[in-house]
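Structural overview for review
Chain residues, written in single-letter form:
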Amino acid sequence: RASDISRLTALTVLRLIAVIVVFAGSIFVLEVLGDLPFPGTFVTTPMGDLSFFTMLYWAFETLSTVGYGDFAPKTVLGRAVTIFCM
């Protein structure tokens, strides 16, 4: 039925959004190796000047297989989580 397909599509989209947000947050915390600062502030790391929204962009770009290469995890933990999530 059409209603079942619409429901499954909506659930799939919501799950994908949840995965991207969790992935971005995980990499941000691992790269900073500290508390998550206010989302608008930038933190200088080996990966560059980062904010949570920068990591959202990076996670979406990575999971969508575009992979521009402008950001990449530099820590072992950040790379391990990236491998796991991909």
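Residues numbered from 1 in each chain as written. Predicted model: local features only at pLDDT ≥ 70, side-chain atom pairs only at ≥ 80, totals over all residues. Heavy atoms only, no water.

**A short note on the overall build of the protein chain**
What the protein chain contains, in helices and strands, is three helices and two strands. Along the protein chain, helices and strands appear, N-terminal first, in the series α-β-β-α-α. Counted over contacts in the protein chain with a minimum sequence separation of 6, partners at least 24 positions apart contribute 51%. Total accessible area on the protein chain is roughly 5700 Å²; 71% of this is exposed by carbon and sulfur atoms. (Helix = DSSP H or I, 4+ residues; strand = E, 2+ residues; numbered from the N terminus. Contact = heavy atoms within 4.5 Å. Areas by Shrake-Rupley, 256 points an atom, 1.4 Å probe, with all protein chains shown as cover.)

**Section: helix α2 (residues 52–63)**
Spanning twelve residues, α2 covers 16 Å between terminal C-alpha atoms, matching the ideal 16 Å at 1.5 Å per step. Next to the buried residues of α2 lie α1 (2–32), β2 (48–50) and α3 (76–85). Thr65 lies just past α2 and shows a positive phi near 65°. (Expected span 1.5 Å × (residues − 1).)

**Notes on the nonpolar core**
Grouped together as the largest cluster of nonpolar side chains are eleven residues: Ile20, Phe23, Ala24, Ile27, Phe28, Val43, Met47, Leu50, Met55, Trp58 and Ala59. Counting residues per element, this core draws most heavily on α1, at five residues. Leaving out residues up to four positions away in the same chain, Ala24 has contacts with Phe52, Met55, Leu56 and Ala59. (Core = buried A, V, L, I, M, F, W, Y, C linked by side-chain atoms within 4.5 Å. Buried < 20%, exposed > 50% of the residue type's maximum accessible area, 1.4 Å probe, protein only.)

**Looking at a nonpolar patch on the surface**
Side chains of Val13, Leu14, Ile17 and Val21 sit close together on the surface and give an oily, nonpolar patch of about 350 Å² of accessible area. In this structure Ile17 comes out as partly exposed when scored by relative accessible area, which is 46%. (Patch = residues over 30% accessible without salt bridge, like charges linked within 9 Å, V, L, I, M, F, W, Y side chains within 5 Å. Salt bridge = Lys/Arg side-chain N within 4 Å of Asp/Glu carboxyl O.)

**A few points about α1**
For α1, built from 31 residues, the straight-helix expectation of 45 Å at 1.5 Å per residue is met to within 8% by its first-to-last C-alpha distance of 45 Å. The secondary structure elements touched by the buried residues of α1 are β1 (43–45), β2, α2 and α3.

**Observations concerning the confidence of the model for the protein chain**
Mean pLDDT over the protein chain stands at 78; residues scoring 70 or higher make up 87%. The least confident element of the protein chain, judged by mean pLDDT, is α3 at 75; the most confident is α1 at 87. (pLDDT = per-residue confidence, 0-100.)

**Side note on the environment of Ala24**
With respect to the helices and strands, the residue Ala24 is situated in helix α1. Take Ala24: its relative accessible area is 0%, and that puts it in the buried class. Separated by 34 residues in the primary sequence, Ala24 and Trp58 place their C-alpha atoms 7.2 Å from one another.

**Side note on the pattern of salt bridges**
According to the stated counting rule, one finds one salt bridge in the structure shown. One salt bridge in this structure joins Arg1 and Asp4, with 4.0 Å as the shortest N-O distance.

**Here's the deal with the packing of α1 against α3**
One way to put it is that α1 packs onto α3 with a least axis distance of 9 Å and a crossing angle of 165°. Between α1 and α3, the crossing angle belongs to the class labelled roughly antiparallel. Note on packing geometry: the crossing formed by α1 with α3 is right-handed. Facing Phe23, Ser26, Ile27, Leu30 and Glu31 of α1, the residues of α3 in contact are Leu77, Gly78, Val81, Thr82 and Cys85. Taken together, the residues of the contact of α1 with α3 break down into six nonpolar, three polar and one charged. (Axes fitted to C-alpha atoms, helices over the stretch in contact; angles between N-to-C directions. Parallel < 35°, antiparallel > 145°, perpendicular 65-115°, else oblique. Left-handed = near helix turned anticlockwise from the far one by under 90°. Nonpolar A, V, L, I, M, F, W, Y, C, P; charged D, E, K, R; others polar.)

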